[in-house]
Structures are given as structure tokens and as C-alpha cells.
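# Topology and contacts: notes
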Amino acid sequence: MSLLKRMVETPLYIDIRKGALNDLASVLADQRISAGGHFAIVMSKSGKDKFSEQIKKSAPNADLFISPGNSLQDATKLADDLKSKKYDAIVGVGGGRVIDLCKYVATKLEVPMISVATNLAHDGIASPVSILEDKNSRGSFGVNAPLAVVIDLDVVKLAPNRFLKAGIGDVFSNLSAVKDWELATKVNGEKIDGLAASMARISAEALLGRPDSIGSEEFLVALSEALVLSGIAMGIAGTSRPCSGACHEISHAIDLLFPERTKPHGEQVGVGALFATFLRDGFDSFQELGFALLQHDLPISHIDLGFSDEEFGQVIKSAPTTRPDRFTILEHLNLDDKQIKEKISEFNEALKSINFN
Ligand SMILES: [Zn+2]
């Protein structure tokens, strides 16, 4: 018998259901994370207005804090403020910004982090990565993955539709990210982690071809599971590679070049994934992803995101500089200005086969 095996770090507890928020303290007690309920809950101001009554009932011994912001300085200061209280765990209740802040704070304090998602806009819910603002840009920091993940369907249903749909775009972008990873393996000899790649791809395939969307509770469960599994795939890989390729480089370039005009992350990476798929794969894959995005009323082009061809050209040109260590179809083709212009006009033509409006 082979003695070779691998240790896979996953959350101890994943709870996706209606009413999950009401059982927060008992879940932490049952899982031996916090027997007496002495933990810190960090929420956004709007989250506190909406959910603090409900949370106080379910976790009366916990202390509630308003998230100070999403910068590295905010996270460092919050960790310093909470240090002396010796909490059993840090619970982040909110969207990506609050969860990323809390992952960083919990890692600094060396205590477990519990991720309670109030929307499904991104795949950071269970990932070992925190995106924090750092000196006018956004830095990606490796942190401990959440020890437990709680998604209350009654809560996420209250999120604006746009913040539920964006998560679909983030999950679909896995298809393109995995293809970029495979390309890097073939062309550059980069090592691929088969388990992480499978989990990222299967998460996206679980949503492909489903007839329903965010109006259906079953779909919200599938989307939640896909986002959680994507996060675990990143944990297994030890990097965001399974869920982030040219699709994410394009989105990061939009964030850097046009910070005042950004759209939800999942919308941007969905368009990035479709453009990367156009550059890299056959027409069938391009159409499949394009139709899938359209089915959920997600943007399929830079024009839908509010950018001209020229602006998108600037985005494509600078995208590779956002992740210098990552090899994707953009680094592989290394397009010059003229070629970028041609590819964008071919992309616009190809989109006509998807968009009949
Ligand atoms: Zn993403």
C-alpha cells in the first residue's frame, strides 16, 4: 500500500440553508470553536442595521463591531483593537469586503474565522485570499481560509439581484481560468494541480445549462456551493490560479485604469473570461460561455460594461502587468497595439452570433 497521501484544508463546517444565521452561536459551540459564545462579529454599517437584532438574539455573548473599511491599515488597526479581548473567533458577516477584512484580521490574531456571506457576488467566501486596498491599489494577501462558512438563503435573497448574479460570472470565469492554467502547463511547463482544477471546473459546469437562475432557491444553493468549492479549490492549489487567469487580469486592469467606473467583480471577470475564451478556444466554447452569461442577464462585452473599443484596448494592453507572475492566453499571444485593435473588432463581430438584441 502506498504511504503517499495529501492533506487537504477545508472548512470544518459548511451550512447553506434558510435560517442558518439564527443558529450562529450554537454552530460555533457545537463545532468547539467557541463554547461560551465569546467571539467578535464584524459587519458593515448597513449589515448591522439589517441583521444586528437577529444576531444579538442568536449570539447574545458576542461583541458586534462595524467594519472600519477595507484597507490594509483598517485591517491592521482592527486586529490591534481586538487583540486584548482574546476572542475565540472572528465572524465576518457581509459581502466580500467585510469577509476579506475579517480573514486578514483572524489570520493576524491566529484565531479561527467564520465567514457569513450576505451576498453571493464573489468566490472569496471560503478562499484563503484577502483583497485589501493598499496604497491606492488593491493587494491580494494569502490568509488562513475560513474555518466555517454560513450562507443563510433568507439573508442572501435580500441582496440586490446584481450582487447575486455577479457571483455567477465569477464562477463561470473558472472555465477560462482552468484553460489558462492548462495552457501554461503545455507551453511553459507550469505544474497543474488536477484536484484543484477539477473542482474549479466542476463548480462552473454545475451551473452551466441549468434552466433556472437567482429567482430559484435550488439555484441559489447550487451557486453558493459553487462559490464555496471554488474557494476550497484555491486552498488546495495554494493560489488563486484555478479561479483566476486572463479573465481576472482584465478585471484588475479595469479596476486600476478606470477606478471610478468599475462594475461588480463578477460582471467584469465574466466579460474577461469571454474575451479570453474568444482568443484561446474554439467558437463553440465562446458561444457556450456567451449564451450562459446572457441567460443570467450578465454583461457579455466591454460595451455592456460601459467601455469603448479604445478603452478596452488599453485594458487588454495593461492586463498582463496586473499579475506579472501569471501566464495566460494574454501573455502567450503578447499582442501589440494593432493586433489588440483587430482582435477587439473580431470579438465585436463574434458577439453578434450571441447577442440578438
Ligand atoms: Zn474572482
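Residues numbered from 1 in each chain as written. Predicted model: local features only at pLDDT ≥ 70, side-chain atom pairs only at ≥ 80, totals over all residues. Heavy atoms only, no water.

## Points about the environment of Val116
Tracing the chain through its elements places Val116 in strand β5 (residues 113–117). Val116 gets classed as buried once you look at its relative accessible area, which sits at 2%. Along the primary structure Val116 and Val155 are separated by 39 residues, whereas in three dimensions their C-alpha atoms are 9.9 Å apart. The contact partners of Val116, leaving out residues within four places of it in the chain, are Leu21, Leu24, Val91, Gly92, Val93, Gly94, Ile99 and Val150. (Helix = DSSP H or I, 4+ residues; strand = E, 2+ residues; numbered from the N terminus. Buried < 20%, exposed > 50% of the residue type's maximum accessible area, 1.4 Å probe, protein only. Contact = heavy atoms within 4.5 Å.)

## Examining the coordination of the zinc ion
In the first shell of the zinc ion, the protein supplies Asp170 (OD), Asp170 (OD), His248 (NE2) and His265 (NE2), at 2.1 to 2.8 Å from the metal. Considering all four donor atoms around the zinc ion, the spread of angles at the metal, 50 to 148 degrees, places the coordination shape in the irregular class. Read in sequence order, the donor residues coordinating the zinc ion give the pattern D-x77-H-x16-H. Placement of Asp170 in helix α6 (residues 161–188) and of His248 in helix α9 (residues 246–257) is noted, with a sequence separation of 78 residues between them. (Donors = N, O, S within 2.8 Å, 3.2 Å for Na, K, Ca; no water. Tetrahedral: all angles 85-135°; square planar, octahedral: opposite > 155°, others 65-115°.)

## Side note on the nonpolar core
The biggest cluster of nonpolar side chains holds 94 residues, and the ones touching the most others in it are Ile90, Leu120, Ile151 and Leu207. The element that contributes the greatest number of residues to this core is helix α8 (residues 217–237), accounting for 11 residues. Excluding residues that lie within four positions of it along the chain, Ile90 makes contacts with Ala40, Val42, Leu82, Cys102, Val105, Ala106, Leu109, Val111, Pro112, Met113 and Ile114. (Core = buried A, V, L, I, M, F, W, Y, C linked by side-chain atoms within 4.5 Å.)

## A word on the pattern of salt bridges
A complete count under the given rule lists 24 salt bridges for this structure. Between Arg261 and Glu311 there is a salt bridge whose closest N-O contact spans 3.0 Å. Here the residue Arg261 occupies a position in the loop between α9 and α10 (265–280), and Glu311 occupies one in helix α13 (residues 309–322), the gap between them amounting to 50 residues. Look at Arg261 and you get partly exposed, because its relative accessible area is 31%. Residues joined in a network through salt bridges with shared partners are Lys18, Asp154, Lys157 and Glu217. (Salt bridge = Lys/Arg side-chain N within 4 Å of Asp/Glu carboxyl O.)

## Digging into the packing of α13 against helix α15 (residues 337–351)
Packed helix pairs are specified by the crossing angle of their axes together with the interaxial distance, meaning the distance between the axes. In contact at an axis separation of 10 Å, α13 and α15 are set at 120 degrees when each is read in the N-to-C sense. Here α13 is positioned oblique relative to α15, judged by the angle of their axes. Note that α13 runs across α15; the crossing there is right-handed. Of the residues in α15, those touching α13 at Asp309, Phe312, Gly313, Ile316 and Lys317 are Asp337, Ile340, Ile344 and Asn348. Across the contact of α13 with α15, the residue classes tally to four nonpolar, two polar and three charged. (Axes fitted to C-alpha atoms, helices over the stretch in contact; angles between N-to-C directions. Parallel < 35°, antiparallel > 145°, perpendicular 65-115°, else oblique. Left-handed = near helix turned anticlockwise from the far one by under 90°. Nonpolar A, V, L, I, M, F, W, Y, C, P; charged D, E, K, R; others polar.)

## Observations regarding the domain arrangement of the chain
Along its sequence, the chain is organised into domain 1 (13–156) and domain 2 (161–351). On a C-alpha basis, the centroid separation for the pair domain 1 and domain 2 is 27 Å. Each partner contributes residues to the interface: domain 1 has 18 residues there, and domain 2 has 23 residues. For the pair domain 1 and domain 2, the summed buried area comes to about 1,700 Å², and 71% of that belongs to carbon and sulfur atoms. Considering only the side of domain 1, the residues that lose the most area to domain 2 are Leu120, Ala121 and Asp123, jointly responsible for 35% of the buried surface there. (Domains from an automatic or database assignment. Buried area = accessible area lost by both parts, 1.4 Å probe.)

## Focus: the sheet that holds strand β8 (residues 148–152)
Read across the sheet, six strands follow the order β1-β8-β5-β4-β2-β3 without closing on themselves; strand pairing throughout is parallel. The open sheet has two free edges, formed respectively by β1 (13–17) and β3 (63–66), since each of these has just one partner strand. Averaged over all pairs of adjacent strands, the angle between their axes in this sheet comes to 15 degrees, without regard to strand direction. In this sheet, β3 lies alongside strand β2 (residues 40–43) in parallel orientation, the contact comprising four bridges. Pairing of Met43 across the sheet is with Ile66, part of β3. (Pairing = 2+ DSSP bridges.)

## So, the packing of aromatic side chains
Counted under the stated rule, the structure contains 10 aromatic pairs. Ring plane angle 90 degrees and centroid distance 4.9 Å describe the contact between Phe275 and Phe347, whose orientation is recorded as edge-to-face. Residue Phe275 is located in helix α10, and its partner Phe347 is located in helix α15; the two are separated by 72 residues in the primary sequence. Through pairs of rings, three or more aromatic residues link up here, namely Phe275, Phe278, Phe283, Phe286, Phe312 and Phe347. (Phe/Tyr/Trp six-rings, centres within 6.5 Å; stacked < 30°, edge-to-face > 60°.)

## Here's the deal with α6
Look at α6: 40 Å from first C-alpha to last across 28 residues, which is about the 40 Å you get at 1.5 Å a residue. Among the residues trailing α6, Gly189 stands out with phi positive, at a value near 70 degrees. (Expected span 1.5 Å × (residues − 1).)

## Overview of helix α7 (residues 194–205)
Along an α-helix, residues three or four positions apart point the same way, because every turn accommodates 3.6 residues. Between its first and last C-alpha, α7 extends 16 Å over 12 residues, near the 16 Å set by a 1.5 Å rise per residue. Within the span of α7, buried status applies to Ala196, Ala197, Met199, Ala200, Ser203 and Ala204. Taken around the axis of α7, the buried residues stretch over an arc of 165 degrees, which confines them to a single face. (Arc of directions from axis to C-beta.)

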